[in-house]
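Residue-level structural notes
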Amino acid sequence: MALRAALRNKCGLIGLLSQQSSCSSHGRVYVSPVLVAQRRNNSTSPKIKVDYDKGTGVAVIHMQSPPVNSLSLDFLTEFCIGVEKLEMDKSCRGVIITSSQPKVFSAGLDIMEMYGKTPERCGEFWKAVQEMWLKLYSSNMVTIAAINGSSPAGGCLMSLACDYRIMADNPRYSIGLNETQLGIVAPFWFKDTMANTVGHRTTELALELGLLYNPSEALKIGLVDQLVPEDQVLPTATQTMTKWLAIPDHARQITKSMMRKPTIDKLTSNREADIHNFVSFITKDSIQKSLRMYLEMLKKRKS
Amino acid sequence: MALRAALRNKCGLIGLLSQQSSCSSHGRVYVSPVLVAQRRNNSTSPKIKVDYDKGTGVAVIHMQSPPVNSLSLDFLTEFCIGVEKLEMDKSCRGVIITSSQPKVFSAGLDIMEMYGKTPERCGEFWKAVQEMWLKLYSSNMVTIAAINGSSPAGGCLMSLACDYRIMADNPRYSIGLNETQLGIVAPFWFKDTMANTVGHRTTELALELGLLYNPSEALKIGLVDQLVPEDQVLPTATQTMTKWLAIPDHARQITKSMMRKPTIDKLTSNREADIHNFVSFITKDSIQKSLRMYLEMLKKRKS
Amino acid sequence: MALRAALRNKCGLIGLLSQQSSCSSHGRVYVSPVLVAQRRNNSTSPKIKVDYDKGTGVAVIHMQSPPVNSLSLDFLTEFCIGVEKLEMDKSCRGVIITSSQPKVFSAGLDIMEMYGKTPERCGEFWKAVQEMWLKLYSSNMVTIAAINGSSPAGGCLMSLACDYRIMADNPRYSIGLNETQLGIVAPFWFKDTMANTVGHRTTELALELGLLYNPSEALKIGLVDQLVPEDQVLPTATQTMTKWLAIPDHARQITKSMMRKPTIDKLTSNREADIHNFVSFITKDSIQKSLRMYLEMLKKRKS
């Protein structure tokens with residue numbers, strides 16, 4: 001049932017695109033004709049804003065990289081530095097991640113970082129993607145994703161790396177690891193993180209078909225933990241954080257590490273090989289050709 | 001709840017038998033008094049029929065070994081050759097497996113291959129069972145089980161090895177790995193395949209009790225993915241195949257391999273030991289005695 | 001949803017305490033102001049009573065250590081001897097575990113065994129906890145937990161180690177591994193047992209937050225298999241046992257071992273290291289201080 005519903009979510013070939021362009025399907029209307037690959041105009045503005053409340057020990061990271069918080073090398077670098085600063089501040093016990101952009105949490109990995117780049121640059125980019133996941137999935141802080149918009153591919157991974165996921169109950173939004181729909185493949189640690197969350201079979205179906213789920217489907221399979229009205233996403237995240245912080249930190253941290261360490265160790269002990277795999281795959285002529293076609297389609301839609 | 005319901009499905013000692021004989025229990029009537037062990041009359045007819053549509057790249061394998069598509073050495077050999085031919089044909093991208101026999105998808109492993117046979121023959125048989133699973137579970141093609149009848153034991157394994165399972169919504173049909181009810185044991189790779197599909201705990205209950213599930217129970221635990229009216233099983237499989245084939249093959253294949261390779265490697269690296277275990281177990285006096293009693297009960301029911 | 005509901009179950013800081021003291025929260029009233037740490041008055045009475053019916057091959061272990069069947073070293077030693085005797089009696093095929101104490105199945109590990117004790121004594125205690133789990137989780141007998149009261153922490157572990165769990169449908173009762181709420185940590189084999197039952201993600205949430213579930217929540221996540229009215233817990237366990245015993249013992253035992261051996265092997269091959277870890281952790285000044293504060297709170301509540 002989830003499969004059939006999720007397949008309906010596709011509006012055109014690529015689910016990710018659906019979120020960015022204007023099309024209508026089964027009562028779902030996408031009204032924001034923006035393009036992931038055409039947002040080079042603000043590269044020097046801060047891509048995240050960190051609000052830290054010393055009183056509560058809780059920080060909120062607002063992702064604010066127009067138009068869709070794509071995970072570029074610059075974005076990831078800034079994000080990782082932001083998380084690391086909070087991690088090293090002993091007084092900071094929890095972090096909420098949310099988006100300042102309308103309708104989108106994060107559109108995922110920036111395709112421009114994978115198209116027409118040198119292997120060295122591709123490797124540098126991939127290392128930053130790994131770093132983002134490693135920092136979040138192993139964080140000693142309580143991490144809550146306040147998912148106030150669509151969250152495909154890398155955006156979904158970022159959510160999955162948190163301790164708890166609260167999503168806006170807006171049927172126009174979707175979430176999922178939809179890489180196969182673009183002809184690329186979610187690597188083993190994306191897969192492990194998803195399987196740790198929704199189980200092996202749901203992950204198999206989701207990854208082979210590149211499924212995007214609307215919020216109620218995502219709740220049903222356990223991809224998110226809770227749905228609330230859009231304007232309640234951040235307040236609910238704050239309330240939930242209070243409950244998590246009622247648990248003694250050291251006991252919660254040891255428990256979290258016990259649950260996640262085997263998955264983290266798999267990447268840390270294969271990090272160079274994983275970078276090598278990504279670079280060999282993404283720089284293949286056939287994959288570059290797929291990406292070019294995808295980018296041309298995006299341009300055509302825009303014009 | 002599922003346990004209690006599934007236990008109700010037993011009609012007499014052995015669930016498998018229920019499907020083949022005439023008995024009534026809780027509103028379920030089995031009207032086909034056929035016997036698994038007495039179908040030696042057509043050993044030279046083709047046991048499968050393959051319809052391949054070059055236009056769509058989709059093949060349908062019709063299992064047509066009367067009366068209940070038992071998985072004999074001959075059947076398995078023919079089946080594996082059929083799958084391998086399709087696999088080697090680069091134009092074939094998907095295969096649907098279904099039954100031409102009324103009321104049954106496949107009754108599972110042929111008991112006559114395990115009773116009164118030499119160890120060599122038992123080993124040859126088991127190697128063919130392994131081969132069937134390996135070919136299906138690791139297939140590069142999209143594989144869909146169109147389960148238009150009961151599917152106990154080996155029939156269930158064959159379904160589980162596919163990418164997607166559509167079952168006829170007929171409460172008289174059942175599916176499950178019911179080996180323990182016959183006093184035999186599903187080997188580790190049956191267990192792994194089931195656990196990858198329905199999770200560890202459901203597998204534990206199902207295998208320890210040899211549970212057979214009716215279609216709605218099977219859907220609820222995730223043993224099948226979708227129920228449709230009996231005459232819609234094959235059409236729905238064809239429609240579903242179209243959706244799967246919309247995904248770029250290479251991305252789907254790499255993803256499938258990532259999900260299934262660890263489970264496949266466990267068998268391929270222990271294949272001889274697994275054959276040895278099966279042969280030692282099945283040729284034990286106590287097990288042969290159980291099988292003889294089971295076969296005599298089948299004969300008695302028939303007369 | 002389960003999370004929010006389970007968090008509501010907390011009545012004060014520590015869920016375990018809720019079961020023992022008089023407080024009211026969201027319609028749940030705890031009326032039994034007993035203290036886990038103050039039950040030294042009957043140390044020489046038998047802590048379990050074993051009723052064995054040779055006719056059916058089924059034994060019932062009644063836990064009868066007032067007030068709350070805390071798992072002290074004495075209790076665990078007696079319990080393990082009782083189970084081992086039944087295991088060695090070839091005629092005994094199944095065992096049902098239940099409580100003779102009102103409102104509680106078992107309150108879990110006895111805190112007095114962890115507070116102010118020598119490392120040697122702590123190690124001896126932990127070895128007994130391991131032994132209880134190893135004996136139950138690997139038992140050749142069918143093991144059914146007839147959970148006729150609350151079952152936090154170690155009491156939950158004891159239930160999880162059985163083959164099947166039937167719980168009284170009384171919303172005042174709760175079950176779960178709530179160790180983190182006391183500032184302590186469930187070790188890896190508690191975690192493995194729970195993950196084998198309810199999956200990775202539910203375990204992650206449950207253990208990080210130390211969640212206690214009421215019976216209907218526990219059923220929903222699969223922590224228990226069946227709910228019945230309180231006076232039907234033992235009769236239902238007996239009926240369920242009959243169904244399990246209809247399966248040939250040897251096939252069920254091999255299957256059970258296949259499902260559980262990897263988890264058991266992880267502890268047996270790390271048993272000394274696990275004891276060492278427990279002793280180092282529990283004898284830390286900070287942990288001893290937490291336990292003292294907890295015990296003082298218990299005393300205060302009583303007076």
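All values derive from a computational prediction rather than experimental measurement.

Cut-offs used in this document
- Residues numbered from 1 in each chain as written.
- Chains lettered and ligands numbered in written order.
- Predicted model: local features only at pLDDT ≥ 70, side-chain atom pairs only at ≥ 80, totals over all residues.
- Heavy atoms only, no water.
- Helix = DSSP H or I, 4+ residues; strand = E, 2+ residues; numbered from the N terminus.
- Expected span 1.5 Å × (residues − 1).
- Buried < 20%, exposed > 50% of the residue type's maximum accessible area, 1.4 Å probe, protein only.
- Least-squares fit on C-alpha atoms with pLDDT ≥ 70 in both.
- Contact = heavy atoms within 4.5 Å.
- Buried area = accessible area lost by both parts, 1.4 Å probe.
- Salt bridge = Lys/Arg side-chain N within 4 Å of Asp/Glu carboxyl O.
- Bend = angle between axes of the 7 residues up to and from the residue.
- Pairing = 2+ DSSP bridges.
- 1 Å grid on protein atoms, 1.4 Å probe; cavity = no way out; pocket = protein on both sides within 12 Å on 5 of 7 lines; lining within 4 Å.
- Points joined across faces, edges and corners; volume = space filled by probe spheres on them.
- Nonpolar A, V, L, I, M, F, W, Y, C, P; charged D, E, K, R; others polar.
- Axes fitted to C-alpha atoms, helices over the stretch in contact; angles between N-to-C directions.
- Parallel < 35°, antiparallel > 145°, perpendicular 65-115°, else oblique.
- Left-handed = near helix turned anticlockwise from the far one by under 90°.

1. Some details on helix 9 (residues 233-245) of chain A
Its 13 residues place the ends of helix 9 of chain A 18 Å apart at the C-alpha level, agreeing with the 18 Å of an ideal helix rising 1.5 Å per residue. Those residues of helix 9 of chain A lying buried are Val233(A), Thr236(A), Ala237(A), Thr240(A), Met241(A), Trp244(A) and Leu245(A).

2. Overview of the relation of the copies chain B and chain A
After a rotation of 120° and a shift along the axis of 0.0 Å, chain B superposes on chain A with an RMSD of 0.0 Å. Between the two chains, the operation in question is that of a three-fold axis. Among all C-alpha atoms of chain B, that of Gly199(B) lies closest to the rotation axis, at 4.3 Å.

3. As for the interface of chain B and chain A
Each partner contributes to the interface: chain B provides 21 residues, whereas chain A provides 24 residues. Around 2100 Å² of area is buried between chain B and chain A when both sides are counted, 64% of it from carbon and sulfur atoms. Contact with chain A buries area across many residues of chain B, yet Ile247(B), Met258(B) and Met259(B) alone supply 29% of it, more than any other trio. Taken together, chain B and chain A are joined by two salt bridges. Note that Asp225(B) and Arg201(A) form a salt bridge whose closest N and O atoms lie 2.8 Å from each other.

4. What about helix 10 (residues 249-268) of chain A?
Residue and element names in this part refer to chain A. For helix 10, with 20 residues, the first-to-last C-alpha span of 25 Å runs short of the 28 Å given by 1.5 Å per residue. Its axis deflected by about 50° at Arg-260, helix 10 carries its strongest bend there, up to four residues before the proline Pro-262. Residues of helix 10 that are buried include every one of Ala-251, Arg-252, Thr-255, Lys-256, Met-258, Met-259, Arg-260, Thr-263, Ile-264 and Leu-267, and no others.

5. Digging into the pairing of strand 3 (residues 48-53) of chain A
All names here are of chain A. Two elements, strand 3 and strand 4 (residues 58-63), share six bridges in a ladder whose sense is antiparallel. Opposite Val-50, over in strand 4, you have Ile-61 as the bridge partner. Taking the residues that link successive antiparallel strands as the turn, the strand 3-strand 4 hairpin has four residues, and the phi of Gly-57 there is positive, at about 75°.

6. Considering empty space enclosed by the protein
This model, assessed by the stated rule, comprises three cavities of 30 Å³ or more. When its volume is computed, the largest cavity comes out at roughly 90 Å³. Across the lining of the largest cavity, the residue classes break down as eight nonpolar, two polar and one charged. Taken as a whole, the second largest cavity holds about 40 Å³ of empty space. For the lining of the second largest cavity, the secondary-structure elements that each account for two or more residues are helix 7 (200-209) of chain B together with helix 6 (188-198) of chain C. For the lining of the second largest cavity, a count of residues per class yields three nonpolar, four polar and four charged.

7. A short note on the layout of surface pockets
Roughly 700 Å³ of volume is contained in the second largest pocket. Residue lining of the second largest pocket: 30 residues in total, with Val185(B), Ala186(B), Pro187(B), Phe188(B) and Asp274(B) positioned closest to the centre. Of all the elements in the fold, those that place two or more residues in the lining of the second largest pocket are strand 7 (108-109), helix 6 (188-198) and helix 11 (271-282) of chain B together with helix 10 (249-268) of chain C. Counting residues per element, the lining of the second largest pocket draws most heavily on helix 11 of chain B, which supplies six residues. Per-class residue counts for the lining of the second largest pocket are 22 nonpolar, four polar and four charged.

8. A closer look at the interface of chain A and chain C
Frequently, the measure chosen for interface size is the accessible area removed from exposure when the parts meet. Taken residue by residue, the interface counts 21 residues in chain A and 24 residues in chain C. Of the roughly 2100 Å² buried at the junction of chain A and chain C (both faces included), carbon and sulfur atoms supply 64%. Contact with chain C buries area across many residues of chain A, yet Ile247(A), Met258(A) and Met259(A) alone supply 28% of it, more than any other trio. Summed over the shared surface of chain A and chain C, the number is two salt bridges. Of the charged contacts in the structure, one is a salt bridge between Glu204(C) and Arg260(A), with a shortest N-O distance of 2.8 Å. Breaking the side of chain A that touches chain C down by element, the ones donating at least two residues are strand 8 (164-168), helix 6 (188-198), helix 9 and helix 10 of chain A. Per-element tally for the side of chain A that touches chain C: the top contributor is helix 10 of chain A, with nine residues. When the residues that make up the side of chain A that touches chain C are grouped by side-chain class, the tally is nine nonpolar, five polar and seven charged.

9. Regarding the side chain of Asn196(A)
One can find Asn196(A) in helix 6. Residues within four places of Asn196(A) in sequence aside, it is in contact with Tyr137(A), Thr263(A), His200(C) and Arg201(C).

10. Overview of the sheet that holds strand 3 (residues 48-53) of chain B
All names here are of chain B. Ordered by their spatial adjacency, six strands build an open sheet running 3-4-6-8-10-12, and the pairing between neighbours is mixed. Edge positions in the sheet fall to strand 3 and strand 12 (226-228), since each has one partner strand and no second. Going across the sheet, the axis of each strand differs from the next one's by a mean of 20°, ignoring polarity. Summarising the sheet, strand 10 (residues 164-168) and strand 12 pair through three bridges and their orientation is parallel. Across the sheet, residue Met-167 finds its bridge partner in strand 12, namely Leu-227. On the sheet, helix 9 (residues 233-245) packs against strand 4 (58-63), strand 6 (94-99), strand 8 (142-147), strand 10 and strand 12 and is oriented at approximately 165° with respect to strand 8.

11. Observations regarding the sheet that holds strand 8 of chain A
All names here are of chain A. With mixed pairing, the six strands of this open sheet are ordered in space as 3-4-5-6-8-10. Either end of the sheet is taken by a strand with one partner, and the two such strands are strand 3 and strand 10 (226-228). Within this sheet the neighbouring strands show an average axis-to-axis angle of 20°, counted without direction.

12. Regarding the packing of helix 4 (residues 119-137) of chain A against helix 10 of chain A
Residues and elements named next belong to chain A. Where helix 4 meets helix 10, the axes come as close as 10 Å, and the angle between the chain directions of the two elements is 165°. Classified by the interaxial angle, the pair formed by helix 4 and helix 10 is roughly antiparallel. Two packed elements cross with a definite hand, and for helix 4 against helix 10 that hand is left-handed. Taken together, the residues of helix 10 that come into contact with helix 4 (itself represented by Gln-130, Trp-133, Leu-134, Leu-136 and Tyr-137) are Lys-256, Arg-260, Thr-263, Ile-264, Leu-267 and Thr-268. Tallied by class, residues from the contact of helix 4 with helix 10 come to six nonpolar, three polar and two charged.

13. Some words on the environment of Leu157(C)
All names here are of chain C. Position of Leu-157 among the secondary structure elements: in helix 5 (residues 153-160). Classification of Leu-157 as buried rests on a relative accessible area of 0%. In contact with Leu-157, other than residues within four places in its own chain, are Met-132, Trp-133, Leu-177, Trp-189, Phe-190 and Thr-193.

None of the figures reported here should be taken as evidence of function without further support.
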